[in-house]
Amino acid sequence: MNLLTTLLAAPLLAYAASSTNCSAATFQKYVDANGTHAHVQWAQYIPHSGSFNPENYTSTSEYPNDLPESCAVQVNVASEGNSSYLVGVIFPFDWNGRMLSAAAGGGINWVDMGTATHYGFATVSSNLGHQGIDTAGTWALGRPESVIDWGYRAWHGATVLAKLLMEGWYGSRPKYSYFYGCSTGGRQSMKNMQLYPDDYDGIIAGAPAWWTTHQQLWNLKQTTYQAPANSSHTIPGAMFDVIAAEVLRQCDPQDGVVDGIISNPEGCVFNPQVLACNATSANDECVTAEQMGTLYKLHNDWVDVNQTFVYSHLFLGSESSWLSGNIGLGENHTISQQYWYPRDLMGLGDDFVWQDLDLSTVELADTLNPGNATADDFNISAFHNRGGKFIHYHGLSDSYVSPGASIYYYDQASSAVKPQGIEVDDFYRMFLIPGMEHCFGTPATMNAPWYIAGPDQPANINTSTYSVPGYKDAKHDVVLAMMAWVENGTAPNDIVATVWKNETTATDVLRQRPICHYPNQARYKGGDVDDAESWECESLY
């Protein structure tokens, strides 16, 4: 019996689930019996190996496929004022007795919910009161209660409702409850942990955008370094790959082995002057003196008046993805998409322009903290005291949420709980993944192992994938690692990350490497550099 089978082999209550009682009326009965102000909009039976596409997406990458036999339900929950939010739950007929919440991502996260049903989890997600990505900030205008739902309230409400529905459907509440999310989803899971420590037994946060008041303004700040577009100090987008190649050339050997991966970006001594233009340089192959100033800003912390630290810099090794995502660092950068937070959530309106961004903007954001969204409570001792476990990971090549923000949170949390006699590693472990970009993926020049079956990751292979193909165990799968820690007391010292030769099939492994819990780092001990057994964890200090 493998570890996946062992962990999930919980004795189940006898329950005669069927397609006939998978109905809105069935679930409305559970809601009404508990006096909850909610309306069950629909329920849908999903046959074995079925697909589920409630949003009518046209691409199979946007909805879950090959699901176990299940019943899915969507509920509209009345919040405060005129606000409301949607909650989605999938009830697999072969239930493992546990719940897993999948953080919102532009709406109810049906894809990650579907992934989790393959383990046997009953799964839940919410739209937090609005459809579409958060950066389309107009959803917040004139809706202060919706901003609070987005900030924290909807998740707790969704959690309470989901457990109620599971008790009605299965005859029992879940024995264990887990929550995972990446990026703003990581923020959601951390905020819930801080405000409602009893909601979940285990929290997994990937690349969490936890510092909302600073994170969103930092995203805007980055674009200002390049503004106005096509200025003499603007680094052309085509140069980012050139810069990335030089960073890799210099930093790769400094970790002790030349393998195409930067294991410790903060330990690299990088000399950007190698890229400086000279009298014979071609303009598309070098960095001018003015552009060098921009590069310096991108590679260094945002420190403002009176040496006030605002946010961490982009790490070395992230340069090849500076054009992607919401960053907009190319010469035709889309600075307007970063206005959503100051203009709409902070209420500064259309008169606010990028030239207005300064420390006073950050201070105002900290004062307002729209929706109380920032997950900046470092004293998470209440979660420890209830027996909770927290796994936090971050890709070191992330160019959207700086891994430095994760290191900052971990260090602050450690300092907050230690005077209470709590060692942070007893319940909170962080894993920094060399070469991983934001939540998933790796630069083509690195091909670094990044896959640990975290939120958003399986769907990047396909939406019927779950766990780690070929390695369904707690050594390779962060979900199973969390379960082993919560339920068996086995703390993860390292998690083996994987990258395949062809990520669309995930059949032939290209590389594997242990990702060590911070502040440890994988050190090469000899043998095949692409084999996880050739590496061991050692302390950075």
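Residues numbered from 1 in each chain as written. Predicted model: local features only at pLDDT ≥ 70, side-chain atom pairs only at ≥ 80, totals over all residues. Heavy atoms only, no water.

S.K.: Even after reading the chapter, I still don't get the nonpolar core, so can you show me in this structure?
M.R.: Of all hydrophobic cores here, the largest spans 108 residues; its most connected members are Leu 165, Phe 390 and Tyr 428. Sort the elements by how many residues they give to this core and helix H4 (residues 144-170) lands first, with twelve residues. Viewed by domain, this core spans two of them, domain 1 (18-172) and domain 2 (215-371), each represented by three or more residues. The residues touching Leu 165, leaving out its near neighbours within four places in the chain, are Phe 27, Tyr 30, Val 31, Val 75, Val 89 and Phe 91. (Core = buried A, V, L, I, M, F, W, Y, C linked by side-chain atoms within 4.5 Å. Buried < 20%, exposed > 50% of the residue type's maximum accessible area, 1.4 Å probe, protein only. Helix = DSSP H or I, 4+ residues; strand = E, 2+ residues; numbered from the N terminus. Domains from an automatic or database assignment. Contact = heavy atoms within 4.5 Å.)

S.K.: Please explain the state of the cysteines as it appears in this structure.
M.R.: Two cysteines, two sulfur atoms, one covalent bond between them: this is a disulfide. Considering all chains together, one arrives at five disulfides under this definition. Two residues, Cys 182 and Cys 439, share a disulfide whose sulfurs are 2.1 Å apart. Measuring handedness by torsion sign, the sulfur bridge of Cys 182 and Cys 439 sits at about -105 degrees and is left-handed. With Cys 182 in strand E6 (residues 176-182) and Cys 439 in the loop between strand E11 (428-433) and helix H13 (478-488), this pair connects stretches of sequence that are 257 residues apart. Of the two residues, Cys 182 and Cys 439, both sit in the buried class. Disulfide pairing places Cys 516 opposite Cys 537 at an S-S distance of 2.0 Å. Here Cys 516 and Cys 537 share a disulfide; its torsion about the S-S bond, -85 degrees, makes the bridge left-handed. Placement of Cys 516 in strand E13 (residues 509-516) and of Cys 537 in strand E15 (residues 535-539) is noted, with a sequence separation of 21 residues between them. In this structure Cys 516 comes out as buried when scored by relative accessible area, which is 4%. Cysteine pairing in the protein chain follows 1-2, 3-8, 4-5, 6-7, 9-10, where each cysteine in a disulfide is numbered by its order in the sequence. (Disulfide = S-S within 2.5 Å.)

S.K.: I'm lost on the side chain of Gln 28 in this one. Help?
M.R.: Mapped onto the fold, Gln 28 is located in helix H2 (residues 24-33). Discounting chain neighbours no more than four positions away, the residues touching Gln 28 are Ala 38, His 39 and Val 40.

S.K.: What is the right way to read the pattern of salt bridges from this model?
M.R.: Side-chain pairing between opposite charges can occur once the charged atoms of the two side chains come close. Under the counting rule described, the total for this entry stands at eleven salt bridges. Glu 167 serves as the salt-bridge partner of Arg 173, at 3.0 Å between the closest nitrogen and oxygen. Using a relative accessible area of 38% as the deciding quantity, one classes Arg 173 as partly exposed. Its relative accessible area of 39% is what places Glu 167 among the partly exposed residues. When the shortest N-O distance is used, the salt bridge between Arg 511 and Asp 530 registers 2.6 Å. Separated by 19 residues along the polypeptide, Arg 511 in strand E13 and Asp 530 in the loop between strand E14 (520-524) and E15 bring together distant segments of the chain. Residue Asp 530 is classed as partly exposed on the basis of its relative accessible area of 26%. The network of salt bridges with common partners includes Glu 145, Asp 149 and Arg 153. (Salt bridge = Lys/Arg side-chain N within 4 Å of Asp/Glu carboxyl O.)

S.K.: Could you clarify how one ought to interpret the packing of H4 against helix H5 (residues 184-195) in this entry?
M.R.: For any two helices packed against each other, the geometry is given by the interaxial angle and the distance between the axes. One way to put it is that H4 packs onto H5 with a least axis distance of 9 Å and a crossing angle of 70 degrees. Classified by the interaxial angle, the pair formed by H4 and H5 is roughly perpendicular. Here H4 runs over H5; the crossing is right-handed. Here Trp 150, Gly 151, Tyr 152, Trp 155 and His 156 of H4 come into contact with H5, specifically with Arg 187, Gln 188, Lys 191, Asn 192 and Leu 195. Broken down by class, the residue content of the contact of H4 with H5 amounts to four nonpolar, four polar and two charged. (Axes fitted to C-alpha atoms, helices over the stretch in contact; angles between N-to-C directions. Parallel < 35°, antiparallel > 145°, perpendicular 65-115°, else oblique. Left-handed = near helix turned anticlockwise from the far one by under 90°. Nonpolar A, V, L, I, M, F, W, Y, C, P; charged D, E, K, R; others polar.)

S.K.: Can you help me understand unusual backbone geometry in this one?
M.R.: Excluding glycine, residues mostly have negative phi values, and the peptide bonds linking residues are mostly trans. Residue Pro 228 is reached from Ala 227 by a cis peptide bond, and omega for that bond is -10 degrees. The topology assignment puts Pro 228 in the loop between helix H6 (212-226) and helix H7 (239-251). That bond from Tyr 518 to Pro 519 is cis: its omega, 10 degrees, falls within 30 degrees of zero. Checked against the element boundaries, Pro 519 lands in the loop between E13 and E14. Although it is not a glycine, Leu 128 adopts a positive phi angle of roughly 60 degrees. Topologically, Leu 128 is positioned in the loop between strand E5 (122-126) and H4.

S.K.: Would you explain the domain arrangement of the protein chain in this entry?
M.R.: Interface size is commonly expressed as the accessible surface area that is lost when the partners come together. You can read the domains of the protein chain as domain 1 (18-172) and domain 2 (215-371). Between domain 1 and domain 2, the C-alpha centre-to-centre distance is 37 Å. With twelve residues of domain 1 at the interface, the matching set in domain 2 holds seven residues. Together domain 1 and domain 2 conceal approximately 730 Å² of surface at their shared face, both sides included; 70% is due to carbon and sulfur atoms. (Buried area = accessible area lost by both parts, 1.4 Å probe.)

S.K.: Would you explain the pairing of strand E10 (residues 389-395) in this entry?
M.R.: With seven of its seven residues buried, E10 lies for the most part within the structure. A two-sided burial pattern is seen for E10, the buried positions comprising Lys 389, Ile 391, Tyr 393 and Gly 395 on one face and Phe 390, His 392 and His 394 on the other. Relative to E10, strand E7 (residues 202-206) is paired through five bridges, and the arrangement is parallel. The partner of Gly 202 across the bridge, within E10, is Lys 389. As paired elements, E10 and E11 share six bridges and run parallel to each other. Within the sheet, the bridge partner assigned to Tyr 393 lies in E11 and is Phe 431. (Pairing = 2+ DSSP bridges.)

S.K.: Just checking my understanding: could you explain helix H3 (residues 110-117) for this structure?
M.R.: Note on helix geometry: an α-helix contains 3.6 residues per turn, so any two residues three or four positions apart are oriented the same way. The element H3 is largely enclosed, with a buried count of eight among its eight residues. Looking at H3, one finds that the buried residues are Trp 110, Val 111, Asp 112, Met 113, Gly 114, Thr 115, Ala 116 and Thr 117. Elements that come into contact with the buried residues of H3 comprise strand E1 (38-46), strand E2 (70-78), strand E3 (84-92), strand E4 (98-102), E5 and E6.

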